[in-house]
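So you can see what is in the structure, the chains are spelled out below.
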Amino acid sequence: MKITVEQDKCVAAGQCTATAPDVFDQRDEDGVVVLLTDDPPAELADDARDAAAVCPALAIHIAP
Amino acid sequence: MSDAPTSAATGSPAEVPEWPMPRAEGCPFDPPPALRELTAQKPLARVRIWDGSTPWIVTGHAEQRALLGDPRVSVDERLPGFPHWHEGMAAAVAYRPRSVFNSDAPEHTGFRRIMTRPFTFKRVEALRPTIQKITDDLIDTMLAGPRPADLVEALALPLPTLMISELLGVPYEDHDFFQENAARGIAHDVSAEESMRTFGALNDYLVRLVEKKAAEPADDALSEIAALVTAGDISVSEAAMMGTGLLIAGHETSANMIGLAVVALLEHPDQLAVLRDADDPKVVAGAVEELLRYLGIIHGGQRRIATEDIEIGGEVIRAGEGIVVELFSANRDAHVFPDPDLLDLRRENARHHNAFGFGIHQCVGQQLARVELQVVYGTLFRRIPTLRLAEPLDRIEFKHDRLAYGVYSLPVTWE
Ligand code: HEM
Ligand code: SF4
């Protein structure tokens, strides 16, 4: 799995951090997404995919 | 402007139904039947709004997400043909500062990043103990008082109002003033004059507060926003607009979700039991998502305009045509939620609702709202297992005429 995030598009809704807190975090100053790992272990993969699906700004991309 | 529909499928102007539409008598929790009928075959149709214009109304879940995520769909209320909520909103366009509510990316991004800081997932999680304490205190006070009690006044309104006041640094003592002005400002039937007056009063109040915070900063969001005014990054009126927006959006919405959910749960005792007996915070969190979906309080239809031709749902929305995105209906879209009119607190995919919108304007305060609701729903029925309505359901007054649905007051009692 290979995750990328587009910080320019992010609107800091926090859905990713709420869904997969071990994969995504938010910057302290404005809540913009920070990627903690671009290749999470298998047990976090579903949460990461779910986070990409709920991101309202379509700022999270996942390649298999 | 009054543009006649061009699509053959929608017929002559005379046949275009009016929006907003009433809900069915005795069915306070379901979308208007006429809207369902209108969009039974297609996920979008034409409706006629207060100024005689005939924007599209979109009810399909997938179509809403596609449009709300589409850069050809704008919230710029200055564009001719924009489907304003009511006369009051239309009349005040020239006076309203630019903000997240009426700007598109990239202008929107700048405003949004200033507002999001206090509402990140982690910051809001850190507030959970405070929210729990306030909830417990409010319930204590209600239990010590007379029966029946008004749950809106006792709990639903004060909790979110205290939280947003505290986060922003707005004196809670002023809550009667801002609650009243905010409530009138978002009524469907408000006149141009009244809308300007309530907006003006709130705006003046926030301007004074921003100026005060600039002079004597405190540890709150308005002081941070005021510092940007001092630095010359934004104007005082933009700062005041951010404060007004957060204050309005941040109290009545959550309050409505609390009051309305209590009615819905008391009407569905089996579901109430799921919540009351839940030991797992995940069950409570899931229940909150399902209630956000099922109650879909933002029911007036979010307003947008197409800036280019857009093909969607078997129709073409032309550049310059208005779009009304009726979020509540998408939460009841059977393509996404099987048995959509069933309140099922264990529903697997409830969190795919559109209750907070979608795209770049999706709710700034959603994590705060979630924690408030998790705490209240998780606490209220445990602390008062015998809670019940003090009046029959048909005596409860629902906010049919407001942009956010809810109950005006909620008489409850207990053993
Ligand atoms: C359960 C409670 C809430 C619901 C159902 C709700 C719903 C919504 C919806 C549907 C939108 C999108 C509007 C659109 O796209 O046209 C929105 C935007 C917004 N909400 Fe909420 N909201 C809630 C609570 C809050 C709270 C607590 C705050 C403040 C702390 C807040 C602040 C905002 C702001 C500032 C926006 C505008 C965002 C933008 O345009 O970028 N909301 N909300
Ligand atoms: S869900 Fe999307 S928009 Fe929200 S913080 Fe994460 S990346 Fe940003």
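Criteria and cut-off values
- Residues numbered from 1 in each chain as written.
- Chains lettered and ligands numbered in written order.
- Predicted model: local features only at pLDDT ≥ 70, side-chain atom pairs only at ≥ 80, totals over all residues.
- Heavy atoms only, no water.
- Pairing = 2+ DSSP bridges.
- Helix = DSSP H or I, 4+ residues; strand = E, 2+ residues; numbered from the N terminus.
- Donors = N, O, S within 2.8 Å, 3.2 Å for Na, K, Ca; no water.
- Buried < 20%, exposed > 50% of the residue type's maximum accessible area, 1.4 Å probe, protein only.
- Contact = heavy atoms within 4.5 Å.
- pLDDT = per-residue confidence, 0-100.
- Expected span 1.5 Å × (residues − 1).
- Polar contact = N/O pair within 3.5 Å; in protein donor to acceptor, adjacent residues only side chain to side chain.
- Buried area = accessible area lost by both parts, 1.4 Å probe.
- Salt bridge = Lys/Arg side-chain N within 4 Å of Asp/Glu carboxyl O.
- Phe/Tyr/Trp six-rings, centres within 6.5 Å; stacked < 30°, edge-to-face > 60°.
- Lys NZ or Arg CZ within 6 Å of the ring centre and 35° of its normal.
- Near = heavy atom within 4 Å.
- Nonpolar A, V, L, I, M, F, W, Y, C, P; charged D, E, K, R; others polar.
- Axes fitted to C-alpha atoms, helices over the stretch in contact; angles between N-to-C directions.
- Parallel < 35°, antiparallel > 145°, perpendicular 65-115°, else oblique.
- Left-handed = near helix turned anticlockwise from the far one by under 90°.

1. Focus: the sheet that holds strand β2 (residues 56-58) of chain B
- If you trace the five strands from one edge of the open sheet to the other, you get β1-β2-β8-β5-β3 (chain B), paired in mixed fashion. Whereas interior strands pair on both sides, the edge strands pair on one side only; in this sheet they are β1 (44-46) and β3 (73-74) of chain B.

2. What to know about the coordination of the iron atom of ligand 1
- No other protein atom reaches the iron atom of ligand 1 as a donor apart from Cys363 of chain B (SG), found 2.3 Å away.
- Relative to the helices and strands, Cys363 of chain B resides in the loop between α15 (327-331) and α16 (366-383).

3. Here we look at helix α2 (residues 42-54) of chain A
- Turning to α2 of chain A, its buried residues number three or more, namely Leu44, Ala45, Ala48, Ala51, Ala52 and Val54 of chain A.
- Those residues of α2 of chain A hidden inside the fold are in contact with β1 (2-5), α1 (15-19), β2 (24-26) and β4 (60-63) of chain A.

4. Observations regarding unusual backbone geometry
- Backbone torsion omega between Trp19 of chain B and Pro20 of chain B reads 5 degrees, so that peptide bond is classified as cis.
- With an omega dihedral of -10 degrees, the bond running from Arg147 of chain B to Pro148 of chain B counts as a cis peptide bond.
- By secondary structure assignment, the location of Pro148 of chain B is in the loop between α6 (128-144) and β4 (149-150).
- Phi at Leu58 of chain A is positive, roughly 50 degrees, even though this residue is not glycine.

5. Concerning the confidence of the model for chain B
All names here are of chain B.
- For chain B, the mean per-residue pLDDT works out to 93, and 95% of the residues sit at or above 70.
- Of the regions scoring below 50 in pLDDT, residues 1-11 engages in 24 contacts with residues more than four places distant in sequence or in other chains.
- Reported confidence for the predicted complex is 0.94 by ipTM and 0.94 by pTM.

6. Considering the pairing of strand β5 (residues 302-306) of chain B
All names here are of chain B.
- In terms of burial, β5 is a largely internal element, four of the five residues being buried.
- Judged from the two bridges that link them, β3 and β5 form a sheet pairing that is antiparallel. In the strand pairing of β5, Ser74 is matched with Ile305.
- Taken together, the four bridges between β5 and strand β8 (residues 322-325) define a ladder with antiparallel strand orientation. Within β8, the position partnered with Arg303 by the bridge is Val324.

7. Considering the side chain of Thr17 of chain A
- Within the secondary structure, Thr17 of chain A sits in helix α1.
- Here Thr17 of chain A is in contact with Phe24, Asp25 and Gln26 of chain A together with Phe121 of chain B, once residues within four sequence places are set aside.

8. A few points about helix α14 (residues 281-295) of chain B
Residues and elements named next belong to chain B.
- For α14, built from 15 residues, the straight-helix expectation of 21 Å at 1.5 Å per residue is met to within 8% by its first-to-last C-alpha distance of 21 Å.
- With respect to burial, α14 is a largely interior element, eleven of its 15 residues being buried.
- For α14, every residue scored as buried is listed here: Val283, Val284, Ala287, Val288, Glu289, Glu290, Leu291, Leu292, Arg293, Tyr294 and Leu295.
- The inward-facing, buried residues of α14 contact α12 (236-267), α13 (269-276), α15 and α16.
- Capping the start of α14 is the job of one residue whose side-chain oxygen sits 2.9 Å from the backbone nitrogen of Lys282: Asp280.

9. With respect to the interface of chain A and chain B
- Opposite the 26 residues of chain A that make contact, chain B presents 20 residues.
- Roughly 1800 Å² of surface becomes buried between chain A and chain B when both sides are summed, with 46% attributable to carbon and sulfur atoms.
- Counting the surface chain A buries against chain B, the share from its top three residues, Val11, Gln15 and Pro56 of chain A, is 26%.
- Remark: the boundary between chain A and chain B carries three salt bridges.
- The salt bridge involving Arg123 of chain B is made with Asp28 of chain A; its shortest N-O contact spans 3.9 Å.
- At the surface where chain A touches chain B, the tally comes to 15 residue pairs in polar contact (both at pLDDT 80 or more).
- Ranked by the residues each element gives to the side of chain A that touches chain B, the list is headed by α1 of chain A, at four residues.

10. Let's talk about the environment of Leu168 of chain B
Residues and elements named next belong to chain B.
- Topologically, Leu168 is positioned in helix α8 (residues 158-168).
- In sequence terms Leu168 and Leu246 are 78 residues apart; their C-alpha atoms lie 8.2 Å from each other.
- Every residue in contact with Leu168, bar those within four places of it in the chain, is listed here: Asp220, Ala221, Leu222, Gly243, Leu246 and Leu247.

11. Digging into the packing of aromatic side chains
Residue and element names in this part refer to chain B.
- Applying the stated rule across the entire model yields four aromatic pairs over all chains.
- An angle of 15 degrees between the planes, with centres 5.8 Å apart, marks the rings of Phe398 and Tyr405 as stacked.
- It is Arg23 that lies over the ring of Tyr405; its NZ or CZ is 3.5 Å from the centre.
- Across from the ring centre of Tyr408, 5.7 Å away, lies the NZ or CZ of Lys399, which sits over that ring.

12. Quick notes on the site of ligand 2
- Lining the immediate surroundings of ligand 2 are Cys10, Val11, Ala12, Ala13, Gly14, Gln15, Cys16, Val33, Cys55, Pro56, Ala57 and Ile60 of chain A.
- Looking at the shell around ligand 2, its residues break down into ten nonpolar, two polar and no charged.

13. Here we look at the sheet that holds strand β9 (residues 388-389) of chain B
Residues and elements named next belong to chain B.
- Taken in spatial order, the three strands line up as β4-β10-β9 in an open sheet, and their pairing is antiparallel. Each edge of the open sheet carries a strand with a single partner, namely β4 and β9.
- In terms of strand pairing, β9 meets strand β10 (residues 411-413) through two bridges, oriented antiparallel. From the neighbouring strand, Leu389 faces β10, where its bridge partner is Val412.

14. Quick look at the packing of helix α4 (residues 107-116) of chain B against α12 of chain B
All names here are of chain B.
- At a closest axis distance of 11 Å, the pairing of α4 and α12 adopts a crossing angle of 60 degrees. Taken together, the axis directions place α4 and α12 in an arrangement best described as oblique. Crossing handedness for the pair α4 and α12: right-handed. Facing α4, whose interface residues are Phe111, Ile114 and Met115, α12 presents Glu238, Met242 and Leu246.
- Grouping the amino acids of the contact of α4 with α12 by side-chain chemistry returns five nonpolar, no polar and one charged.

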